[in-house]
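Given next are the chains, with one letter for each unit.
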There are 4 protein chains.
Amino acid sequence: MARHTFVPNTYHTTIGQHKPVLHVMPGDSVSTTTVDARGFDQNDKQVADRGNPMTGPFFIDGAEPGDTLVVVFNRIRPNRTRGFTSPRIAPIVLDPGFAVTHADGVDHCDWDVDAASGSARLVEPRAQISRLALPIAPMIGCFGVAPPGGQAISTATSSTHGGNMDYRRFGEGITVYLPVFVPGALFHLGDGHAVQGDGEIVGTGIEISMDVTFTVDLIRGQTISWPRAETDEHLMTVGNARPLDQCVQHATTEMIKWLQNEYALDPLSTHSLLGQAVEYELGNMYDPAYTMVCKLQKSLVDAICADPRG
Amino acid sequence: MARHTFVPNTYHTTIGQHKPVLHVMPGDSVSTTTVDARGFDQNDKQVADRGNPMTGPFFIDGAEPGDTLVVVFNRIRPNRTRGFTSPRIAPIVLDPGFAVTHADGVDHCDWDVDAASGSARLVEPRAQISRLALPIAPMIGCFGVAPPGGQAISTATSSTHGGNMDYRRFGEGITVYLPVFVPGALFHLGDGHAVQGDGEIVGTGIEISMDVTFTVDLIRGQTISWPRAETDEHLMTVGNARPLDQCVQHATTEMIKWLQNEYALDPLSTHSLLGQAVEYELGNMYDPAYTMVCKLQKSLVDAICADPRG
Amino acid sequence: MARHTFVPNTYHTTIGQHKPVLHVMPGDSVSTTTVDARGFDQNDKQVADRGNPMTGPFFIDGAEPGDTLVVVFNRIRPNRTRGFTSPRIAPIVLDPGFAVTHADGVDHCDWDVDAASGSARLVEPRAQISRLALPIAPMIGCFGVAPPGGQAISTATSSTHGGNMDYRRFGEGITVYLPVFVPGALFHLGDGHAVQGDGEIVGTGIEISMDVTFTVDLIRGQTISWPRAETDEHLMTVGNARPLDQCVQHATTEMIKWLQNEYALDPLSTHSLLGQAVEYELGNMYDPAYTMVCKLQKSLVDAICADPRG
Amino acid sequence: MARHTFVPNTYHTTIGQHKPVLHVMPGDSVSTTTVDARGFDQNDKQVADRGNPMTGPFFIDGAEPGDTLVVVFNRIRPNRTRGFTSPRIAPIVLDPGFAVTHADGVDHCDWDVDAASGSARLVEPRAQISRLALPIAPMIGCFGVAPPGGQAISTATSSTHGGNMDYRRFGEGITVYLPVFVPGALFHLGDGHAVQGDGEIVGTGIEISMDVTFTVDLIRGQTISWPRAETDEHLMTVGNARPLDQCVQHATTEMIKWLQNEYALDPLSTHSLLGQAVEYELGNMYDPAYTMVCKLQKSLVDAICADPRG
């Protein structure tokens, strides 16, 4: 149960079998930092290439293909006061040919981020939105493990290994589960957002460097097909693909497997509970692979399964 | 501001230019009933064909093409105690070829719906879910106005005129806005659900007949492209299409028009606010046209627009 | 086996249960005319509303729901010399946000169509394409039967009943099969194109009025799910939906049913023949529903099935 | 203009920056071999892992990012007589939930491939298709160059760099153009098919090892966004993505760029020619990324552009 502090000095814009930066044991915690999507660190100094440079990878001792890696994001905090966003909603989320009006000559926006008060403000007095102190909710946009088959997958996209999912609930306190494809799992993380709307429809959240503390664990011999996550209130499964319909297919299938395999829910209860209580939320609808999340209230599952996971 | 009570005796499984059952004035309220998706009424007696039979249409005096019809759902209450669901998650929301397990020989499920206590219970003691008193949230699955061009659109699907959207927030208290395509608008409604998960992934909510009271109004000369809705907390715009990506495109485009035309929000604020604060929710992912809803917190808009709609 | 000549004077921009204009018997032929997509006839006079106005519907005596209507397009010939196209490729077939260059101020294009020589020429000397005598291949863009459930479906789109499929092979000599949903089938046709590229990506072929002769027949008791077609060389099945993936799913499923039900092909042969010999072609990728066609060479099927349809 | 003979002894199931196996100059030809999709060579001996193992990569001297690599497939011939296919059409190309019948207990099919006579026959006398001598048309299913950003992309999929496109026209005589992302381009090839239907809907063509001769060249300073190809008759552009709609968008956009940049076609001619003469064909509809190809007859372009590429 060691607590590691790790100061990164290399970064990767693919998730793959890169040289591990640190070996950790199941149960260990790591406090580290992430740079922003363009590679700028807590001092607003560029230390990595743009394109969601990742901190890591971290080698989890004992992790083997077929296991599940557990990561708890204990703490995610902006470690500087200046963030940025893109000023343009992506054409892909608008009607084809819709001539949306942009602000002339604005190519990115700066925000003052106040982690203490928990709000952010656009630094552009001519825009009405600069009147607004927008509540922040820090999150990690991109994280994952080395994918199978020797692939090195761009941090611009996502798949079964995780990646650039940009889901708002991947914030402080969440537990995420990732399938392990290679020995040591090789966990990468980065692309922090002070806050972000669903879909990341401008192509950015409020991009900012972060202090992050996370704890790892392993579920040996439990093989999952897609990332899962859990809070005190919800079970969540993640599908990364295009179009969104396919994300829903992956996420729903994974949720059924979870309920039937780990909770031993009978078929009629599985179909009926999801049918009348399932929720879906949108991660990224900007990258080559989009993200949709299937959610279910744990209180409902607990009311049904006398002895969950028993 | 008349209060009408209307007892239906004809129903339609298309939304189109059917003979109006009642003329109402802007500001009037109507108390009526809807039958369930299979045409059964409050006495569990079949009085209409299956396939989401609609009550109506109601002719709103003065409504002309290019106007916006406003409908407030004042009251939506199950008027019997027995509802039903389908016991099977639709293949369309699962991985192609995924062999999901079903309950043998179950072809529909009955639920005891207790509107007073606000819960429903599956009537099948062998299923674990029968232990659960599922909180209900009554809603109208299908409503809309006569579409343009002389079309009669099946109540199995949806489009710009509304239709079978199956969105959980279309419950008591919501205000909906619909584009008017024909004189009198011709408002239809039906397909009540005691409760429903996102996506209506089993193809039903808890299907039940309802007592419904609604109030109509007109915004003359305001032309919208897709249904809109509003609660005390949120603005919402609705896209109905396939795949879900296209729903998002329609809904987001409509939200931009709303913010720019009705709230006079400047371009940079429009992009930045939606980019960092937009939410999306899933209506139906079962019908020929799916539904996604774009949502925005009104408190954020109000904080930005000193004099909204001024 | 009567030969009818029918001069239309009403047109419909939905396909539905409109009043029949002529009763015909299986085996009968009809020679009639169609107006262009904007409602202009052989004299370039507007006689109908724009939006693919249909000639018909024709009532086929004896056709009952569950039968298959057979239509042979014996003759499709432009009956005037002036056609038109749209000058702009639709944004929906281009990369989102791609700033395609258009010809300034051109809002439609005229073409000289010479049916005798079989070619068409753009009437715009400043465009390089005016040097080209483009070979024509006249076709019917939109045809179909009244859909089920009392629907009236816009001629801007397509579904199981046919509709605006805009498939280049729907030309002279083809035999098409349509599911019958209502007594008399109610066959509509129109929207002739002198020629058209795959996808109808500018939203038009060379739109022109036509002389059309067609022959009808019935296959009683044979129920099909989607339109089928046949030439001397090919079997074809049609899927109409969005996205294109779903069109492929419908068309492929229908082809399997054809091979297994009408040709009694064994499962391994069905999978293996389609796997190594199937072809797909694109109809419309412009309308609310797109069209893809699954094709198979009849010579291959004949080589396998000693006694096809025996 | 050297002619190299290269005997491979390493293979890769990703396309990436692997160690080059041979350096070649623009103008050079290479005669080599490819193993089948499961890694079996001309002697039916497994020499590589399954999953489309690639021969190469070949380093093209002088190729720099921003150039275009030109590859002519001079010769593609099966070098053994036994091929195999999968016996099952993929669920992804069928209606969701459609219960297609399979041949019991058949898990792959053997074919006798006779390159001399140009035909193949299924080795399973109980299947009707074994009566058929299916004409073959040898092709390369998967080829491409190292992708940008340090990615290593699985040979199960495709993108801007090429990859597993499974397009039937990638056979003998075709010229392909690929964007160069890294010095030397790093050309990989493999996954030969004796023949294949559109879509590769069973997940295989007739998979077989091949003798391949190809010639490379460079177009320095010409940057393309997606693979292009050319025969005596056609220009072709390739889009690799999901859903098929997006493939069409990429391929059509690339064709417009080709016509406008390399042929200097004016805007109205570009839109009008594609609108009335474009063709689309389906590559793979089985992989994570599908493939659609935009085609245009060169005779039409030549008739318009007095001095093409002048």
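**Structural notes on the relation of the copies chain A and chain B**
- With an RMSD of 0.0 Å, chain A superimposes on chain B once it is rotated by 180 degrees and translated 0.0 Å along the axis. Taken together, these values place the two copies in the relation of a two-fold axis. Across chain A, the smallest distance between a C-alpha and the rotation axis is recorded for Leu244(A), namely 2.9 Å.
- A share of 100% of interface residues in chain A that are also interface residues in chain B marks the association as one of identical surfaces.

**Thoughts on the domain arrangement of chain A**
All names here are of chain A.
- With domains assigned, chain A is organised as domain 1 (3–78 + 138–219), domain 2 (83–135) and domain 3 (228–304).
- Summarising the inter-unit geometry, the C-alpha centres of domain 1 and domain 3 are found 22 Å apart.
- Residue-level contacts link 20 residues of domain 1 with 18 residues of domain 3.
- Counting residues per element, the side of domain 1 that touches domain 3 draws most heavily on strand E15 (residues 175–179), which supplies 3 residues.
- Residue composition of the side of domain 1 that touches domain 3, by class: 7 nonpolar, 9 polar and 4 charged.

**Here we look at the relation of the copies chain C and chain D**
- Placing chain C over chain D gives an RMSD of 0.0 Å and needs a rotation angle of 180 degrees, together with 0.0 Å of translation along the axis.
- Mapped onto chain D, 100% of the interface residues of chain C are again interface residues, and the two copies thus contact each other with one and the same surface.

**Describing the environment of Ala37(A)**
All names here are of chain A.
- Inspection of the secondary structure puts Ala37 in the loop between strand E4 (29–34) and strand E5 (54–60).
- It is 12 Å that separates the C-alpha atoms of Ala37 and Ser86, two residues lying 49 residues apart in sequence.
- Residues contacting Ala37, with those up to four places away along its chain left out, are Arg50, Asn52, Asp191, Thr204 and Glu207.

**Here's the deal with the interface of chain C and chain D**
- Contacts between the two partners involve 61 residues from chain C and, on the opposite side, 61 residues from chain D.
- Going through the elements one at a time, helix H1 (244–262), helix H2 (267–277), strand E20 (279–282) and helix H3 (298–304) of chain C are the ones with two or more residues in the side of chain C that touches chain D.
- Ranked by residue count, the leading element in the side of chain C that touches chain D is H2(C), at 10 residues.
- Looking at the side of chain C that touches chain D residue by residue, the class counts come to 36 nonpolar, 17 polar and 8 charged.

Cut-offs and rules
- Residues numbered from 1 in each chain as written.
- Chains lettered and ligands numbered in written order.
- Predicted model: local features only at pLDDT ≥ 70, side-chain atom pairs only at ≥ 80, totals over all residues.
- Least-squares fit on C-alpha atoms with pLDDT ≥ 70 in both.
- Contact = placed C-beta atoms within 7 Å.
- Domains from an automatic or database assignment.
- Helix = DSSP H or I, 4+ residues; strand = E, 2+ residues; numbered from the N terminus.
- Nonpolar A, V, L, I, M, F, W, Y, C, P; charged D, E, K, R; others polar.

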